[in-house]
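Listed below are the residues making up each chain.
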Amino acid sequence: MDAAIQLMRIAQKVYLINITPQLNGDPIMQEQISANPNVTVFNNTQVREILGERFVNAIKIKRDNREENIAVSGVFVEIGLLPNSDFAGMLDRNEFGEIKVNLRNETNIPGIFAAGDVTDVPEKQIVIAAGEGAKAALSAFRFLIQHKFD
């Protein structure tokens, strides 16, 4: 949804193709997308093919067991992922499966830290994940210094 919101500010028309029955995510973002007349959301839809010779000129989608072509001049692929957090069953997670952390990347269990896209930190970007990793390492170091283990 973040990419669609960014694109709707500069594109004349945005098609948001969603494979699930409804958009999931931040309600405020959903509202922004729904309120913009330049955005069309296709739920329960799959992109089957990107069409064009030298440049993209259409996409073939499948919805309601029918295929149709939509004229477009570009394609941005954004893949929503469920975080791979099943290994961390003892940690508190939100409704999306993201591990809950505080500002120091601490989880609900003392001495366990988490960082990156698996956490509930917003803005899933590599530079943010790298910074969060550095914070988690510093927090873990501080924890080890304070809890001298023999």
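Rules and cut-offs
- Residues numbered from 1 in each chain as written.
- Predicted model: local features only at pLDDT ≥ 70, side-chain atom pairs only at ≥ 80, totals over all residues.
- Heavy atoms only, no water.
- Pairing = 2+ DSSP bridges.
- Helix = DSSP H or I, 4+ residues; strand = E, 2+ residues; numbered from the N terminus.
- Axes fitted to C-alpha atoms, helices over the stretch in contact; angles between N-to-C directions.
- Buried < 20%, exposed > 50% of the residue type's maximum accessible area, 1.4 Å probe, protein only.
- Contact = heavy atoms within 4.5 Å.

Draft legend 1. Spatial organisation of the sheet that holds strand β4 (residues 58-63). Strand order in this open sheet of three strands is β3-β4-β5, and the pairing throughout is antiparallel. Strands with a single pairing partner mark the edges of an open sheet, and in this sheet they are β3 (45-51) and β5 (66-71). Going from strand to strand, the sheet's axes swing by 25° on average, the running direction of each strand aside. Summarising the sheet, β3 and β4 pair through six bridges and their orientation is antiparallel. By the bridge assignment for β4, I50 is matched with I59.

Draft legend 2. Highlighting the environment of L51. You can see L51 is positioned in strand β3. Judged by relative accessible area, L51 falls into the buried class, the value being 19%. Each C-alpha atom, one on L51 and one on L103, is 45 Å from the other, the two residues being 52 residues apart in sequence. Among residues more than four places away in sequence, those in contact with L51 are V56, N57, A58, I59, K60 and N69.

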